[in-house]
Structures are given as structure tokens and as C-alpha cells.
Amino acid sequence: AVRSHTPRMLTATLLDVADAQAVSEVVQAGADAVLIPVGMATGDEVLKAVATAGQRAIWGGVLAAGGRDEVERLQKARGDFVVLGSDTLGANALLPENIDKLLEVDTAWDDISLRGVEHLPVVAVLFRVLSAERLTIRHLLQCLKVVALTRKPVLAVLPPTVGIESLLLLRDTGVYGVVG
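First things first, this report covers the structure right here in the doc.

What counts and how
- Residues numbered from 1 in each chain as written.
- Predicted model: local features only at pLDDT ≥ 70, side-chain atom pairs only at ≥ 80, totals over all residues.
- Heavy atoms only, no water.
- Axes fitted to C-alpha atoms, helices over the stretch in contact; angles between N-to-C directions.
- Helix = DSSP H or I, 4+ residues; strand = E, 2+ residues; numbered from the N terminus.
- Parallel < 35°, antiparallel > 145°, perpendicular 65-115°, else oblique.
- Left-handed = near helix turned anticlockwise from the far one by under 90°.
- Contact = heavy atoms within 4.5 Å.
- Nonpolar A, V, L, I, M, F, W, Y, C, P; charged D, E, K, R; others polar.
- Pairing = 2+ DSSP bridges.
- Patch = residues over 30% accessible without salt bridge, like charges linked within 9 Å, V, L, I, M, F, W, Y side chains within 5 Å.
- Areas by Shrake-Rupley, 256 points an atom, 1.4 Å probe, with all protein chains shown as cover.
- Salt bridge = Lys/Arg side-chain N within 4 Å of Asp/Glu carboxyl O.
- Buried < 20%, exposed > 50% of the residue type's maximum accessible area, 1.4 Å probe, protein only.

### Considerations on the packing of helix 5 (residues 137–150) against helix 6 (residues 164–173)
- At a closest axis distance of 9 Å, the pairing of helix 5 and helix 6 adopts a crossing angle of 30°. Looking at the two axes, helix 5 sits roughly parallel to helix 6. By crossing handedness, the relation of helix 5 to helix 6 is classed as right-handed. Residues Leu-140, Cys-143, Leu-144 and Val-147 of helix 5 pack against Leu-169, Leu-170 and Thr-173 of helix 6.
- Looking at side-chain class alone, the contact of helix 5 with helix 6 contains 6 nonpolar, 1 polar and no charged residues.

The following block contains the structure:
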């Protein structure tokens, strides 16, 4: 008998705040990865508490401001990855080694910019499907565009209303994982 293997998608949770208790709850609920917002005001003690709570999962921070120093703080706290969440971050955020970097891209970026991502030292890209109660054909085409042009594994941030059928369609477009 031939067994077919259905590819599994990575599931991650994006938290609104850097909270160790929330990280622990998400990990216990079965998330593969946890993303927390990290900014200048996120203290080292908070990051240490999150690291302890997230030991059984992959965890990382989403940076919206700063650069190399913020990435190195996350690395020091034993974060597994960092999402470079803004095109206004300092380019030096790409320099630290020994921490995986994901780049948040915008589907409105032109093709040249998306193609250029392939040459950056990032392991994957992330983009947001915003203001959608349901996944549309346009959203799928945007996914295909990001997958084809960046040539990196792609994670999609989705609203909680997206159902299993939409997830299967996303998987079939080449999306590697979802963040909710």
C-alpha cells in the first residue's frame, strides 16, 4: 500500500505583549513557535522570563524599531529568531549571527524589491493578510507572488477567522507556515 504524506504547516502565535504567562499557555496549547513584540521598552528580565516559558517551543521577537543592538539583546535572551518587522529598521539588524532572521515583507512591494530579498541573510519571510474575514483569490495570488519572487520559506500572518480550507489552499501555494 502506498501512503500519502500530507505536508504539515508550521503554526505560530503572535502575542500582543511580551508576557511569559501567555507564552507558556501558547506553548502548552501546541504552537510550534511564539512571536512576541520586542522594543526598546522590553526589559531584559521580561525577555529572560519569556525564554524560560518558551523552552519547549521556538520563540522569537518582532522588531519594529532599532537595529543590531535589539537583535543582539534578543539573541542574548536565547531567542531562536527575530522578525525584522519594519522596512525602517537599521540595515545593521541583518549583521548578528547565530540567530535566525525573518523579514516582514509587504505584498505591495514591487517585484524588484521582493526579488532582492533572496540575497539578504534571512532564512524566511513573513507577510500579513490584513482585513480579511476570508481568504480571497487575490490573497492567494499575493501569496504566490511572495513565494515565487523571494525564493525563501514564507509564513503568512492571518486573521483568526481563516478556516482549514483556506489553510490548505495556502499550503498548496507554497506557504510554509501560518501565524495567528
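### Points about the sheet that holds strand 8 (residues 175–179)
- Spatial ordering of the closed barrel is given by 1-2-3-4-5-6-7-8, a layout of 8 strands whose pairing is parallel. The average angle at which neighbouring strand axes cross in this sheet is 30°, direction not considered.
- Relative to strand 3 (residues 58–63), strand 2 (residues 33–38) runs parallel, the two sharing 6 bridges. Across the sheet, Pro-37 pairs through a bridge with Val-62, a residue of strand 3.
- Contacts from helix 5 reach strand 6 (124–128), strand 7 (154–157) and strand 8, with the element oriented near 160° to strand 6.

### A few points about a nonpolar patch on the surface
- Among the surface-exposed residues, Ile-137, Leu-141 and Leu-144 lie close enough to one another that they form a single nonpolar patch of about 310 Å² accessible area.
- Tracing the backbone shows Ile-137 in helix 5.
- Relative accessible area serves as the criterion here: at 66%, Ile-137 is assigned to the exposed category.

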